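Spelled out, the chains give:
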Amino acid sequence: MIYYFDSFKHNYIFLNKSIVYPSISLLNFDLQEVILIYKILLENFPSFTQNFKIFNKETFVGQKKYYSFLKINEVHTAYSALELRILVSYAGGATKEEILDTYQQNYSPSFKTNKIYYNLFLYFLHSFKEENSIITEIDPYYIALIRTYKIPYLDIKMEPWTVNVFDEVDLSSLLDQIESKINYEWKGKFWKRPFSIERATLAMNLVSIDQERFIFKDLFDFIHNIEKTEYESSTLKEFFNEWEVERCFSNSGNIHWKFIKIPFVKL
C-alpha cells in the first residue's frame, strides 16, 4: 500500500489487490452503504481503526460523492477531529470488466478497483453529538481570523453558521495570511497547501493517519497564537520541510506522483 496523488491533486492509496465498491446512491445518505465502505477501510486503509466513527453528513463535489469518518480526541478544552473523507462514487477510468452492475438512475455503479481516493484533514471542534457510535453533529472550533474574514467582492463578513460559502469563495488570500505566520519553506507545494478551510475552521492537510499524533498539539497551539506575526515550532518546521515525491504514470498513461517522503511517516 503506497500513497499517491493524481494530476488533479487527489490523494489515493494504491493497493496490491482489487477491492469492490458497492453501488452508491447519488441522492441520499445511506447508512448501509457507509457501513460497507467502513469495512473496506478497516481491511485496507493504513492505520484506519474502529476509533473512527461514521459522520452522517455526505459531501458532494460536482457529481462526486464522499462519505466521512471522524476520529475525535479531547484536547484541553476542545476536541481534535481527524476527518477521512472517502470518494465513494465511480469517477471513471475502469475497464468494462471492472464495472460490476448495470446503470441505474441516481446511483453510482458497483466497481472493482485497486485505489482508494480520499482527503484527510485535521481540525478542532468545540463540541459534537454522537448517537449509536455515529457522529450526528459537530460544532467547529471558532477562529476569529477566519469567521470574520471579509469577502472582497461581496463586502460582507462570514457568519458562524456559513459553512457552504467556504466551498464557493476563493480563500487563497486568507490562507496566504495564515501561512505567512510560519516562516518555513513549504516543500509540499507540488501537492497542495499545508492548510485549508474545512467545516468553517482551519484544517491541516495530511496524507497519512499516522501524522496526526505528531502534529495535533502544535496545530492547536498555532491556532491559539494565530493573531501573532510569527510562530515557531520544530514540529511544524519538520511538517513543512520533509516532503518528497517522484513522478510516475497511471495505467492509462496519465502523470501521477508517488510520495517517497512524508513527515513523521516511515514508508
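Keep in mind it's a predicted model, so treat the numbers as computed, not measured.

A. Focus on the overall build of the chain. What the chain contains, in helices and strands, is six helices and 15 strands. Here the chain has a C-alpha radius of gyration of 19 Å; the compact-globule value for 267 residues is 18 Å, and the two agree. In terms of overall dimensions, the chain has C-alpha extents of about 55 × 40 × 40 Å along its principal axes. Per-residue burial for the chain yields a buried fraction of 49% across its 267 residues. Considering only residue pairs separated by 6 or more positions, the chain has 61% of its internal contacts joining residues 24 or more positions apart. In the form shown here, the chain has an accessible surface area of approximately 13800 Å², with 48% of it arising from carbon and sulfur atoms. On the chain, the mean spot of the 30 positive side-chain charges and the mean spot of the 34 negative ones are 4 Å from each other.

B. Geometry of helix α4 (residues 172–179). Residues Leu174, Leu175, Ile178 and Glu179 constitute the buried set of α4. Relative to the axis of α4, the buried residues are bounded by an arc of 130 degrees and lie together on one face. Check the buried side of α4 and you find it contacts α2 (144–147), β12 (195–198), β13 (201–205) and α5 (212–224).

C. Structural detail: the pairing of strand β1 (residues 2–5). Sheet analysis places β1 next to strand β2 (residues 11–21), joined by four bridges and oriented antiparallel. Among the inter-strand pairings, Phe5 is bridged to a residue of β2, identified as Asn11. In textbook terms, the turn of a hairpin is the stretch between consecutive antiparallel strands, and for β1 and β2 this stretch comprises five residues, one of which, Lys9, has a positive phi near 65 degrees. Summarising the sheet, β1 and strand β15 (residues 255–261) pair through two bridges and their orientation is antiparallel. Across the sheet, Phe5 pairs through a bridge with Trp257, a residue of β15.

D. Here's a closer look at the packing of α5 against helix α6 (residues 234–241). Where α5 contacts α6, the axes come no closer than 9 Å and their chain directions differ by 115 degrees. Classed by the angle they form, the pair α5 and α6 counts as roughly perpendicular. Relative to α6, α5 is oriented so that their crossing is left-handed. Touching Phe214, Ile215, Asp218 and Phe222 of α5 are Thr235, Leu236 and Phe239, all from α6. For the contact of α5 with α6, a count of residues per class yields five nonpolar, one polar and one charged.

E. Examining the packing of aromatic side chains more closely. Here the structure, examined in full by the defined rule, presents 30 aromatic pairs. Over the ring of Trp257 we find Lys9; its NZ or CZ atom is 5.3 Å from the centre of that ring. Just above the ring of Tyr12 sits the side chain of Lys115; from NZ or CZ to the centre is 5.6 Å.

F. A look at the pattern of salt bridges. Tallied over the full model, the rule gives eleven salt bridges. Between Arg193 and Asp176 there is a salt bridge whose closest N-O contact spans 2.4 Å. You can see Arg193 sitting in the loop between α4 and β12 and its partner Asp176 sitting in helix α4, a full 17 residues away along the chain. Using a relative accessible area of 27% as the deciding quantity, one classes Arg193 as partly exposed. The partner of Lys189 in a salt bridge is Glu185, with the nearest N and O atoms 3.4 Å apart. Owing to a relative accessible area of 57%, Lys189 belongs among the exposed residues under this scheme. Among the charged side chains, a salt-bridge network with shared partners connects Glu83, Arg85, Glu198 and Arg199.

Rules used throughout
Residues numbered from 1 in each chain as written. Predicted model: local features only at pLDDT ≥ 70, side-chain atom pairs only at ≥ 80, totals over all residues. Heavy atoms only, no water. Helix = DSSP H or I, 4+ residues; strand = E, 2+ residues; numbered from the N terminus. Rg over C-alpha atoms; globule rule 2.2 N^0.38 Å. Buried < 20%, exposed > 50% of the residue type's maximum accessible area, 1.4 Å probe, protein only. Contact = heavy atoms within 4.5 Å. Areas by Shrake-Rupley, 256 points an atom, 1.4 Å probe, with all protein chains shown as cover. Lys, Arg positive; Asp, Glu negative; His and termini not counted. Charge placed at Lys NZ, Arg CZ, Asp CG, Glu CD. Arc of directions from axis to C-beta. Pairing = 2+ DSSP bridges. Axes fitted to C-alpha atoms, helices over the stretch in contact; angles between N-to-C directions. Parallel < 35°, antiparallel > 145°, perpendicular 65-115°, else oblique. Left-handed = near helix turned anticlockwise from the far one by under 90°. Nonpolar A, V, L, I, M, F, W, Y, C, P; charged D, E, K, R; others polar. Phe/Tyr/Trp six-rings, centres within 6.5 Å; stacked < 30°, edge-to-face > 60°. Lys NZ or Arg CZ within 6 Å of the ring centre and 35° of its normal. Salt bridge = Lys/Arg side-chain N within 4 Å of Asp/Glu carboxyl O.

On their own, these measurements won't tell you what the molecule is for.
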